[in-house]
Amino acid sequence: MNSTHEVAVSVRVRAGAQAVWDALTDWPAHDEWMPATTVQTVDGDGRAVGGRIVAYTGFGRLGFADPMEVTEWRPPTRCVMRHTGKIVRGLTTFEIVPVAEESDGSTLTWHERYEIPGGRLGAYGFVLARPVLARALQHALTRFAQLQQIHGS
């Protein structure tokens, strides 16, 4: 039996929605801001519904592949991807909202919705892992925002 568990983090980026979108969906560039992760596209650039990417997270041989498929593509505000691998299952959603009081500001939210196997044991495991995961995602988004400030200036 699977259960669903969620984690979401947000960051303010000093860049317009289109610039954030362009940088965020440059999948191979994720290694600049995602610790211990490289991303490759499969069949093209992965920038449309049906587009596929594979993220590899780990160090050397200690890691795992996380294949994903784009299920929703609404530039420059929303991308939804389905994790299709054996280890990670569920949805990733990226949302970009322009900040009304800043002509060049946006809020980027990264939302993960995992399908966790193992019933109660899996659910308890996620409760323990959730703070670590949230911190790792927040660290990645903070690094992303910092890079946009450097690249955009």
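Residues numbered from 1 in each chain as written. Predicted model: local features only at pLDDT ≥ 70, side-chain atom pairs only at ≥ 80, totals over all residues. Heavy atoms only, no water.

Peer 1: Which parts of the structure should I look at to understand the sheet that holds strand E4 (residues 62-74)?
Peer 2: The strands that make up a sheet pair up through hydrogen bonds in the backbone, lying either parallel or antiparallel. Across the sheet, which stays open at both edges, the seven strands sit in the order E1-E7-E6-E5-E4-E3-E2 with antiparallel pairing between neighbours. One side of each edge strand has no neighbouring strand; the edge strands of this open sheet are strand E1 (3-13) and strand E2 (37-42). Adjacent strand axes in the sheet meet at a mean angle of 20° when their direction is disregarded. As paired strands, E2 and strand E3 (residues 52-59) are joined by six bridges and run antiparallel to one another. Along E3, the bridge assignment pairs Val42 with Arg52. Along the sheet face, helix H1 (residues 17-24) touches E1, E4, strand E5 (78-84), strand E6 (89-98) and strand E7 (106-116) and points at about 150° away from the line of E6. (Pairing = 2+ DSSP bridges. Helix = DSSP H or I, 4+ residues; strand = E, 2+ residues; numbered from the N terminus. Axes fitted to C-alpha atoms, helices over the stretch in contact; angles between N-to-C directions. Contact = heavy atoms within 4.5 Å.)

Peer 1: Please explain the packing of aromatic side chains as it appears in this structure.
Peer 2: Think of a pair of aromatic rings as described by two things: how far the centres are apart, and how the planes are tilted against each other in angle. Throughout the structure, instances matching the rule amount to four aromatic pairs. Both rings, one in Trp33 and one in Trp110, keep their centres 6.2 Å apart while their planes meet at 80°; by these two values the pair is edge-to-face. Here the residue Trp33 occupies a position in the loop between H1 and E2, and Trp110 occupies one in strand E7, the gap between them amounting to 77 residues. When sorted by exposure, Trp33 lands in the same class as Trp110, which is buried. A centroid spacing of 4.9 Å and a plane angle of 65° characterise the contact between Trp33 and Phe144, whose relative ring orientation is edge-to-face. Linking Trp33 in the loop between H1 and E2 with Phe144 in helix H2 (residues 119-152), this pair joins segments that are 111 residues apart in sequence. Taken as a pair, Trp33 and Phe144 share a single burial class, namely buried. Joined through ring pairs, the aromatic side chains of Trp33, Phe94, Trp110 and Phe144 make up one cluster. (Phe/Tyr/Trp six-rings, centres within 6.5 Å; stacked < 30°, edge-to-face > 60°. Buried < 20%, exposed > 50% of the residue type's maximum accessible area, 1.4 Å probe, protein only.)

Peer 1: Help me out: how do you make sense of the confidence of the model for the protein chain in this one?
Peer 2: Per-residue confidence for the protein chain averages 90 on the pLDDT scale, and 95% of its residues sit at or above 70. Per-element confidence in the protein chain ranges from a low mean pLDDT of 85 for H2 to a high of 97 for E5. (pLDDT = per-residue confidence, 0-100.)

Peer 1: What is the right way to read the environment of Pro67 from this model?
Peer 2: One can find Pro67 in strand E4. Along the primary structure Pro67 and Met81 are separated by 14 residues, whereas in three dimensions their C-alpha atoms are 9.7 Å apart. Once residues lying within four places of it in the same chain are set aside, the contact partners of Pro67 are Ile53, Val54, Arg82, His83, Thr84 and Gly85.

Peer 1: Is there a simple way to explain the pairing of E7 in this structure?
Peer 2: In regular strands, side chains alternate between the two faces of the sheet. Only one face of E7 is covered, namely the one carrying Ser106, Leu108, Trp110, Glu112, Tyr114 and Ile116; the face carrying Thr107, Thr109, His111, Arg113 and Glu115 has none of its residues buried. Of the pairings in the sheet, the one linking E1 to E7 comprises eleven bridges and is antiparallel in character. The residue bridging Ala8 from the neighbouring strand is His111, located in E7. Summarising the sheet, E6 and E7 pair through nine bridges and their orientation is antiparallel.

Peer 1: Looking at this structure, how should I read the nonpolar core?
Peer 2: Generally speaking, a soluble globular protein has its nonpolar side chains buried in company with each other. If you look at the biggest cluster of nonpolar residues, it comprises 36 residues, and the most contacted ones within it are Val13, Trp27, Trp33, Leu108, Trp110 and Phe144. The set of elements that each furnish at least two residues to this core consists of E1, H1, E3, E4, E5, E6, E7 and H2. For this core, the element with the highest residue contribution is H2, accounting for eight residues. Every residue in contact with Trp110, bar those within four places of it in the chain, is listed here: Val7, Ala8, Val9, Trp33, Met34, Thr92, Thr93, Phe94, Leu137, Ala140 and Leu141. (Core = buried A, V, L, I, M, F, W, Y, C linked by side-chain atoms within 4.5 Å.)

Peer 1: Help me out: how do you make sense of the side chain of His30 in this one?
Peer 2: Along the chain, His30 falls in the loop between H1 and E2. Among residues more than four places away in sequence, those in contact with His30 are Leu24 and Val39.

Peer 1: Teacher, can you tell me more about a negative patch on the surface here?
Peer 2: The grouping of Asp22, Asp26, Asp31 and Glu32 at the surface amounts to a negative patch. In this fold, Asp26 is placed in the loop between H1 and E2. The class of Asp26 is partly exposed, set by a relative accessible area of 34%. (Patch = residues over 30% accessible without salt bridge, like charges linked within 9 Å, V, L, I, M, F, W, Y side chains within 5 Å. Areas by Shrake-Rupley, 256 points an atom, 1.4 Å probe, with all protein chains shown as cover. Salt bridge = Lys/Arg side-chain N within 4 Å of Asp/Glu carboxyl O. Lys, Arg positive; Asp, Glu negative; His and termini not counted. Charge placed at Lys NZ, Arg CZ, Asp CG, Glu CD.)

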